[in-house]
Amino acid sequence: MSAWKPGDVAMVTWDDASPALKHAGKTDIRKLPSVRTESGWAIQYALSHVGDESVLEARPLLVIDPRDREQVERLADLMWSLGLLGIGVGDGRSASAAEVTLLQKAFGEFANPKPPKPDEPKGLGAVVEDADGNKWISHRASSTHQQPWMKHMFGNQEWSDWSDVPAVRVLSEGVADV
């Protein structure tokens, strides 16, 4: 890589003897993502900068804003030209709009991952919560409601199967169904 410039981002491996890391009491941490400034490499834990003399290795990191379509298009076009992308129908020279959209969604998931869905609680009256804070309550399936989960809303009911409930956390396991 050419000379580092302020604003460059790298995975930096530090020398054990770095005074800034010793001062911060972080001698066990030797590898951190860091930002290059005019004064050297910014160390998150030390609230200071370290000069190049303490750096054993600095590898550049790729930074892509998933909401910046132009950045994602540039990557998609490069991937398409290398034969690494080809799921849609492009114009023969670049990635298709659908491929760029899929890449944007994938990068967005990496940048802001969804929490894993918990296992379905089996007790009667179990309560789960979705990412928006909505409560879902389990009921017995009946002739009028074949789907056992109801979204708790004032004056309105939404019934669903567990596969369609976007639960992120279990608030209550419910009681054993007798």
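Everything below is about the structure shown above.
Here the structure is a predicted model, which means the values were calculated and not measured. (Residues numbered from 1 in each chain as written. Predicted model: local features only at pLDDT ≥ 70, side-chain atom pairs only at ≥ 80, totals over all residues. Heavy atoms only, no water.)

Novice: Whenever I open this one, the overall build of the protein chain confuses me. Can you help?
Specialist: Across its full length, the protein chain carries three helices and ten strands. Seen in sequence order, the protein chain has helices and strands lined up from the N terminus as β-α-β-β-β-β-α-α-β-β-β-β-β. Burial statistics for the protein chain: of 178 residues in total, 28% are counted as buried. Long-range contacts, defined here as pairs at least 24 residues apart, represent 50% of the contacts in the protein chain between residues at least 6 apart. Entry remark: accessible area of the protein chain is about 11800 Å², with carbon and sulfur atoms responsible for 54%. (Helix = DSSP H or I, 4+ residues; strand = E, 2+ residues; numbered from the N terminus. Buried < 20%, exposed > 50% of the residue type's maximum accessible area, 1.4 Å probe, protein only. Contact = heavy atoms within 4.5 Å. Areas by Shrake-Rupley, 256 points an atom, 1.4 Å probe, with all protein chains shown as cover.)

Novice: Any chance you could explain the nonpolar core here in plain terms?
Specialist: Generally speaking, soluble globular proteins have nonpolar side chains that are buried together. Counting seven residues, the largest nonpolar core is built from Ala126, Val128, Trp136, Trp149, Trp162, Val165 and Ala167. Excluding its chain neighbours within four sequence positions, the residues that come into contact with Ala126 are Pro121, Trp136, Ile137, Ser138, Trp149, Ser172, Glu173 and Gly174. Ala10, Val12, Trp14 and Trp41 belong to the second-largest nonpolar core, a separate cluster that totals six residues. (Core = buried A, V, L, I, M, F, W, Y, C linked by side-chain atoms within 4.5 Å.)

Novice: Even after reading the chapter, I still don't get the pairing of strand S1 (residues 9–14), so can you show me in this structure?
Specialist: Within a regular beta strand, the side chains point alternately toward one face of the sheet and then the other, so they alternate between its two faces. Burial analysis of S1 places five of its six residues in the buried class, which makes it a mostly covered element. Judged from the five bridges that link them, S1 and strand S2 (residues 31–37) form a sheet pairing that is antiparallel. Considered in S2, the bridge of Thr13 is made with Lys31. Note: S1 against strand S5 (residues 55–60), five bridges, orientation antiparallel. The residue bridging Ala10 from the neighbouring strand is Pro60, located in S5. (Pairing = 2+ DSSP bridges.)

Novice: What should I look at first to understand a nonpolar patch on the surface in this one?
Specialist: A contiguous nonpolar surface patch, about 320 Å² in accessible area, is contributed by Leu78, Leu82 and Leu84. Relative to the helices and strands, Leu78 is located in helix H2 (residues 69–81). (Patch = residues over 30% accessible without salt bridge, like charges linked within 9 Å, V, L, I, M, F, W, Y side chains within 5 Å. Salt bridge = Lys/Arg side-chain N within 4 Å of Asp/Glu carboxyl O.)

Novice: Help me understand the sheet that holds strand S7 (residues 135–138) in this model?
Specialist: The pairing of strands in a sheet comes from backbone hydrogen bonds and takes either a parallel or an antiparallel form. The five strands are arranged S9-S8-S7-S6-S10 in an open sheet whose pairing can be described as antiparallel. Two strands bound the open sheet, and with one partner strand each, they are strand S9 (156–160) and strand S10 (167–172). When strand polarity is set aside, the average angle formed by the axes of neighbouring strands in this sheet is 30°. Where strand S8 (residues 149–153) lies against S9, five bridges are found, and the strand directions are antiparallel. (Axes fitted to C-alpha atoms, helices over the stretch in contact; angles between N-to-C directions.)

Treat this as a map of the structure, not an account of what it does.
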